[in-house]
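# Chains, contacts and geometry: an overview
So you can see what is in the structure, the chains are spelled out below.
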Amino acid sequence: MEPRRGLVFNLMRFALHDGPGIRTTVFLKGCPLDCWWCHNPEGRSPKRQVVYVAERCIHCGDCVRACPEGALQLGESVVRDPHLCRLHTRCVDACSTGAQTVFGRWMSVSDLTAEILKDRIFFDESGGGVTVSGGEPLTQADFLEALLAACHALRIHTVVDTCGYAESHAVERIASNVDLFLFDLKLMNPEKHKKYTGVRNDRILANLTLLAKSGRAVIVRIPVIPGVNDDEDNLAAVSRFLTPLGLRNVDLLPWHQIAAGKYARLGLTYRMEDLLPPTEEHLQAIAAPLRRDGFHVRIGGLS
Amino acid sequence: MNERVAGLRRETLETKPSISIERAALLTEFCRNDNTTSVPIRRARAFQYLLEHKEICIGPCDLIVGERGPAPKATPTFPELCCHSLDDLDVLNSREKTSYAVDRQVRQTHKEVVIPYWRGRSMRDLIFAEMSPEWKAAYEAGIFTEFMEQRAPGHTVLGDVIYRKGLLDLKADIEQALSCLDYFHDPEACAKRDELRAMAIAADAVMRFAERHAEKAEALAAVTTETVRRSELLKIADVCRHVPAHAPRDFQEALQAYWFTHLGVVTELNTWDSFCPGRFDQHLYPFYRKGMEEETLTREEAKELLECLWVKFNNQPAPPKVGVTAAESGTYTDFANINNGGLKRDGSDGVNDVTYLILDVIDEMHLLQPSSNFQVSKKSPEAFLKRGLEIVRQGWGQPSIFNADAVVEELLRQGKSLEDARCGGISGCVETGAFGKEAYILTGYFNLPKVLEIALNNGVDPLTGKRIGIQTGSARDFASWQQLLDAFRSQLHHFVDVKVSGNNIIERLYAMYMPAPFLSLLVEDCIAKGRDYNDGGPRYNTNYIMGVGPATCADSLAAIKYHVFDRGDLTMDELLEAVAHNFDGHDKTRLLLWNKTPKFGNDDDYADPILQDVFNAFFDEINGRPNTKGGYYRVNYLSTTCHVYFGSMTGATPDGRKALEPLSDGISPVQGADQHGPTAVIKSAAKFDHLRTGGTLLNQKFTPQLLKGDEGLSKIAQLVRSYFRLDGHHIQFNVVTAATLRAAQAEPEKYRDLIVRVAGYSDYFCDLTRALQDEIIARTEHESFAPATTEPVTV
């Protein structure tokens, strides 16, 4: 990986739910976790991905002709042979409808700060700034470190939205240039954590402890996945874990079904197909004991 | 709201607009029998005759009295300006949208009395007879519209004069001006004498009109046994005997003085944008405070009186428009627009208790008329901005939001004094003016994409095959983007010349034949100068031409620059072929143009400078041209409903827009072209040099969830403040979901009360044409997503 370039899969301006004020959120590609409910599956792979959106296709064949590897075939839809594709993305350039799109663009720190600075006046007015999310931004730790330092040099407020699964020294390296961590805490039980995310949670808990002990500003974010982590045991364990760390801010992020379509486009199976989102009452019921334990709980991160 | 107001509100909502023949019949009767030679005096006497003979209407629950017609929503016609044909009346009666009921008696009187006298004598007839073939060709092709072809120039707003002076005081000023006339040296002295005498007659007319209301109220009181109502009627009589002859003494008199003044202006002529009370909160505040201090008024009483006045505004639908004017402005609203907040004359914050009271009234009344806005300056308190946004987020399209500091700078650039600028504001949709001192006449919309279409076709309108422009060369031979831009500028120059030469004739026709002595009384310097409002009497005299479709035009130019001259993936011939065929058989080209071209509205460094090229071309062509009244032409950017009409007159455009579809509205991006959210739209919109305009209009549609809670409100407030720090002039929000709008299309009867922001005004969604409904749905819906719902944008 080139140290001063990062692989970005999305850049969202006017983000209102990723920290204080009006923000620009940078989504870095690649994630070590494999959460069943992941709402950004296009951010999981550390490589660029060409995605075909069938609904936009007019079957003109331009992409097929543009591919130097002959990796595409035109039939009912356009089928790509992943073994032949070398990610030249000529198909994307040739497509006039946006049916062939690419997730992932290599950007330098200065490319990104130029984009981020476009909304500086909104940051100034609202107390906002930049949020780096993903994927897992710490999978591109060198780039993340450089980006955050550059933002701080420009006096832009920084937030990092992390799953916490990273080398501790990487977390320590970036921490001084992070004004606020949004730290995901999915499941306290290590075995269940392994089942639903692909990894155990000990490293995550260690990193959260590290940040708490070094006095960093942290908001703990719990994605509420019905039947997975919304039981009393898990939430009681969360409370027991966070209380001695002195972390008081918890956001409950209700899971919803909206990402389903993305899985189909990426050719992935969605393991949460039949789940229903949590009701408002249920969220309040979850929040109540946490509030009793003294936590400042927000639902949806924006209340 | 209390029971009285609820009843009045129900009545105004349920009453269907109709055509009243009263005014047309009285005017015809007067003109047939009158032999006055002086035009202004004849106009003043006609006005006097109308007000002496029209039916006086006092409803059983009214506290503020007076209607323009003989009953609420009975709408007069103005045959001296536009003599409707019987066909026009039938269309008005039966058209699907914004119809006016025409009963048999009205139709018959119109046929037997009105048409025989006015046909060939109306301003509309005179104007069309005087216009050049070039003007007619451009007008018929939809290059521009003409505001004064069936309505009178008005476009003005009242200052504080009526709260300081009664009409008797103004008559004293007239006497003073008459005594100063210099018959030795001033060749215009006699003309001024006639004008001043006409103003005095007009003042008498309105005082008598008020007196007739007093007589009627007393007569009603005499037969009313209910004691509360009887005392209300006697109070009304007392008020009407005092104002507007004298300056008002209390809050109710201040409102009633305004209302009589308003009725006078809109009865004298059918002035554009009706008439507006200007900085109402500031004008009313001294009366409010006095009433509170003396304990003769409570906040609830003041609110009830204001709400009664609100109903009166809503009782007056716009005079019926036909033809192109109905298409450019297809609405019942007459654009009276209440300004709140802003700055005071001394530059301090203008927000006061009445500001909040009026915002409460707007919130409770939810009426189409009057329109309302709030003016935010850097000095405005956050509480004021948030109170306004609380109403905005209910999603019925009012109030809209203005940058008071930008308005001041715009007026200063145009040469107003600082004090006059601070007392200014906006009227109509977004138009900047010095209240009480300026005639700022909107002369017509101007179709920018159509001018580009003509430039791409060497002067020929491809929709008709007629040559209406000048020859600027075959676009297929253009060797550079600059050559194309030059051709566009040359066509623009030609059509602005055509438009302005027509305007100048029309302006003189109004100055000669349609003076407005009553309006002239109210606008500063007319009395001192002895000149009419329509003849340069006001301190400032500005003419506007309104650019329409700047984003469609810029995106089209960007598409050509990008694909033909920079990338070379299309030849000019291929592009023009595709456009000429409305993209039939050229789907791929259209998609390329639509999907793979930099577009205005994305804070994009390729597209936005092209918008600035369009802005500068239009500005350079218009700004500073003299009008015939000692003032100058300026530009502004608003479209009302004209982007739909102009769209229907414009073929396919190189940005991928199909023929006859609407153009972009106001300064908003092309519908659906903005893909990076509201901050990017705002950054792009800020690339218009707002301070060199007399108003711009930016539409943003938000779904309700974005504005949820105090935090949502704060973030929208921050968005607004940011836009205003960038000198943005105006922003308005449509807070509805597309799903709601589609549901309203499917079952209009269930959504009769759905008000949406159209352009510079709000309208009932179900009263809009299908094309406009579709267009509003298409305007990008800015959702703010939690990351979980992010639809990836490829970077």
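Counting secondary structure elements, chain A contains eleven helices and 13 strands. In terms of overall dimensions, chain A is globule-like: its C-alpha atoms have a radius of gyration of 20 Å, near the 19 Å expected for 303 residues. Dimensions of chain A along its principal axes, counting C-alpha atoms only, are 65 × 45 × 35 Å. Looking at chain A as a whole, 55% of its 303 residues qualify as buried. Taking all contacts inside chain A whose residues are at least 6 apart in sequence as the whole, residues at least 24 apart take part in 69%. With an accessible surface of roughly 12,700 Å², chain A has 52% of that area assigned to carbon and sulfur atoms. Separation of charge centres in chain A, based on 35 positive and 35 negative side chains, amounts to 3 Å.

A few words on the sheet that holds strand 10 (residues 180-184) of chain A. Residues and elements named next belong to chain A. Judged by pairing direction, the sheet is mixed, and its nine strands sit side by side in the order 7-1-2-8-9-10-11-12-13 without closing on themselves. The sheet is open, and its two edges are formed by strand 7 (105-108) and strand 13 (296-299), each paired on a single side. Each neighbouring strand pair of the sheet contributes to a mean axis angle of 30°, computed without reference to strand direction. Note: strand 1 (residues 5-15) against strand 2 (residues 23-28), five bridges, orientation antiparallel. Within strand 2, the position partnered with A15 by the bridge is R23. The sheet strands contacting helix 3 (residues 109-117) are strand 1, strand 2, strand 7 and strand 8 (129-134), and the helix crosses strand 7 at an angle near 85°.

Residue and element names in this part refer to chain B. With parallel pairing, three strands are arranged side by side in an open sheet as 8-11-12. Strand pairing shows two members of the sheet lacking a second neighbour, strand 8 (438-447) and strand 12 (632-636), which therefore form its edges. Pairs of neighbouring strands in the sheet enclose a mean axial angle of 30°, with direction left out of account.

For the structure on display, the rule yields 73 salt bridges over all chains. Ionic pairing is found between R203(A) and E167(A), a salt bridge with its closest N-O pair at 4.0 Å. Residue R203(A) is found in helix 8 (residues 202-213), and its partner E167(A) is found in the loop between strand 9 (157-162) and helix 6 (168-175); the two are separated by 36 residues along the sequence. One salt bridge connects R229(B) with E232(B), and the closest N-O pair in it is separated by 2.8 Å. Remark: E232(B) and R229(B) occur in helix 11 (residues 227-242); sequence separation between them is three residues, near one turn of the helix. Across this residue pair, the class does not change: R229(B) and E232(B) are buried. A single network of salt bridges, built from pairs that share partners, joins D160(B), R164(B), D420(B), K437(B), E524(B), D525(B) and R539(B).

Residues and elements named next belong to chain B. Secondary-structure assignment places V579 in helix 25 (residues 572-580). Residue classification places V579 among the buried positions, given a relative accessible area of 15%. Leave out the neighbours within four places in its chain, and V579 touches A652, T653 and P654.

As a further point, take the side chain of N543(B). Residues and elements named next belong to chain B. Following the sequence through the fold, N543 ends up in strand 11 (residues 540-548). The exposure class of N543 is buried, given its relative accessible area of 0%. In terms of polar contacts, N543 uses its side chain to reach the side chain of N627, at 3.0 Å. Looking at N543, its side chain comes within polar contact range of the side chain of Y633, at 3.3 Å. For N543, the contacting residues outside a window of four places in its chain are I441, T443, E507, N627, K629, Y632, Y633 and R634.

Residues and elements named next belong to chain B. Among all positions of helix 4 (residues 86-94), only L86, D88, L89 and L92 are buried. On an axial view of helix 4, the arc spanned by its buried residues comes to 155°, and they lie on one face. In helix 4, the exposed residues that point more than 90 degrees away from the buried face are D87 and S94. Buried residues along helix 4 sit in contact with strand 1 (18-20) and helix 5 (104-118).

Below, the discussion takes up the domain arrangement of chain A. Residues and elements named next belong to chain A. You can read the domains of chain A as domain 1 (5-46 + 105-299) and domain 2 (49-103). A separation of 32 Å is found between the C-alpha centroids of domain 1 and domain 2. In this complex, domain 1 contributes six residues to the contact, which on the side of domain 2 involves six residues. Here domain 1 packs against domain 2, burying approximately 590 Å² in sum over the two surfaces, 57% of which is carbon and sulfur. When the buried surface of domain 1 facing domain 2 is broken down by residue, K29, R265 and L266 rank first, second and third, together holding 67% of it. For the interface between domain 1 and domain 2, the tally reads zero salt bridges. Counting the contacts that link domain 1 with domain 2 gives one residue pair in polar contact (both at pLDDT 80 or more).

About the thresholds
- Residues numbered from 1 in each chain as written.
- Chains lettered and ligands numbered in written order.
- Predicted model: local features only at pLDDT ≥ 70, side-chain atom pairs only at ≥ 80, totals over all residues.
- Heavy atoms only, no water.
- Helix = DSSP H or I, 4+ residues; strand = E, 2+ residues; numbered from the N terminus.
- Rg over C-alpha atoms; globule rule 2.2 N^0.38 Å.
- Buried < 20%, exposed > 50% of the residue type's maximum accessible area, 1.4 Å probe, protein only.
- Contact = heavy atoms within 4.5 Å.
- Areas by Shrake-Rupley, 256 points an atom, 1.4 Å probe, with all protein chains shown as cover.
- Lys, Arg positive; Asp, Glu negative; His and termini not counted.
- Charge placed at Lys NZ, Arg CZ, Asp CG, Glu CD.
- Pairing = 2+ DSSP bridges.
- Axes fitted to C-alpha atoms, helices over the stretch in contact; angles between N-to-C directions.
- Salt bridge = Lys/Arg side-chain N within 4 Å of Asp/Glu carboxyl O.
- Polar contact = N/O pair within 3.5 Å; in protein donor to acceptor, adjacent residues only side chain to side chain.
- Arc of directions from axis to C-beta.
- Domains from an automatic or database assignment.
- Buried area = accessible area lost by both parts, 1.4 Å probe.

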